[in-house]
Amino acid sequence: KNQVEQSPQSLIILEGKNCTLQCNYTVSPFSNLRWYKQDTGRGPVSLTIMTFSENTKSNGRYTATLDADTKQSSLHITASQLSDSASYICVVGPRGASKIIFGSGTRLSIRP
Amino acid sequence: KAGVTQTPRYLIKTRGQQVTLSCSPISGHRSVSWYQQTPGQGLQFLFEYFSETQRNKGNFPGRFSGRQFSNSRSEMNVSTLELGDSALYLCASSQISGDNEQFFGPGTRLTVL
């Protein structure tokens with residue numbers, strides 16, 4: 001069964017610190033993996049998208065990595081800011097299928 | 001280029017009523033997907049429309065329905081509302097159906113009393 005699991009479910013860190021969020025998937029065959037940021041009560045906004053041939057992609061202070069062999073991805077946030085407080089959702093696109101698969105998200109809270 | 005727009009942004013209904021939500025995709029996008037998000041839950045896929053045809057459907061009861069117009073705008077309807085239907089309903093558009101980057105709207109917050 002195609003699944004996407006994220007950890008931790010929630011995370012609290014101090015402003016200025018770094019953190020890493022994890023995403024494991026069992027989707028096969030795999031086409032691409034995306035990370036979204038969702039502020040409370042708003043729609044998700046795309047941070048990065050990686051195909052199976054890419055193993056890292058950056059967007060400012062956000063860096064996503066992908067290991068297609070172990071089916072793992074991580075999102076690293078450096079020098080966290082209060083505005084990084086949000087849910088981060090990992091989404092996997094199966095190759096040849098039309099229904100993408102969402103993880104349940106990691107709720108990140110940044111404390112001053 | 002304007003983003004995905006959803007109307008209304010907020011809605012309050014009572015049990016048993018029905019509701020229609022609207023989504024206008026990004027210009028040129030032909031695929032529209034709908035999702036339900038409840039507190040503490042991930043996004044639950046409702047259905048996807050492409051060129052006025054439903055391409056995929058999630059595991060929701062028949063009270064949830066949708067349609068897409070020739071200009072790619074989409075509507076979602078929920079009949080006989082239940083308390084559990086209270087949620088954020090998100091619409092996402094993409095250029096083509098299938099494995100493609102989706103752009104989300106701000107959502108419609110539905111509260112059922």
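See the structure shown above.
Residues numbered from 1 in each chain as written. Chains lettered and ligands numbered in written order. Predicted model: local features only at pLDDT ≥ 70, side-chain atom pairs only at ≥ 80, totals over all residues. Heavy atoms only, no water.

Visitor: Where do I start with the environment of B:Thr108 in this structure?
Guide: Residue and element names in this part refer to chain B. Residue position: Thr108 is located in strand E11 (residues 108–112). It is 6.7 Å that separates the C-alpha atoms of Thr108 and Thr7, two residues lying 101 residues apart in sequence. Not counting chain neighbours up to four residues away, the residues in contact with Thr108 comprise Gln6, Thr7, Pro8, Arg9, Leu21, Ala87, Leu88 and Tyr89. In terms of polar contacts, Thr108 uses its side chain to reach the backbone carbonyl oxygen of Pro8, at 2.5 Å. (Helix = DSSP H or I, 4+ residues; strand = E, 2+ residues; numbered from the N terminus. Contact = heavy atoms within 4.5 Å. Polar contact = N/O pair within 3.5 Å; in protein donor to acceptor, adjacent residues only side chain to side chain.)

Visitor: Would you explain the environment of B:Ser51 in this entry?
Guide: Residue and element names in this part refer to chain B. Inspection of the secondary structure assignment puts Ser51 in the loop between strand E5 (43–50) and strand E6 (53–57). When the C-alpha atoms of Ser51 and Ser31 are compared, they prove to be 7.0 Å apart, with 20 residues separating the residues in sequence. Dropping the residues within four chain positions of it, Ser51 is found in contact with Arg30 and Gln68. A polar contact is formed between the side chain of Ser51 and the side chain of Arg30, at a distance of 2.8 Å.

Visitor: Even after reading the chapter, I still don't get the sheet that holds strand E1 (residues 4–7) of chain A, so can you show me in this structure?
Guide: Strand pairing in a sheet is mediated by backbone hydrogen bonds. Such pairs are either parallel or antiparallel. Residue and element names in this part refer to chain A. Sheet architecture is open: five strands sit in the order E1-E3-E8-E7-E6, paired in antiparallel fashion. For this open sheet the edge positions go to E1 and strand E6 (56–59), each flanked by a neighbour on one side alone. The average undirected angle you get between the axes of adjacent strands in this sheet is 15°. Bridge count between E1 and strand E3 (residues 19–25): four bridges; the pairing is antiparallel. Within E3, the residue paired with Gln6 across the bridge is Cys23. (Pairing = 2+ DSSP bridges. Axes fitted to C-alpha atoms, helices over the stretch in contact; angles between N-to-C directions.)

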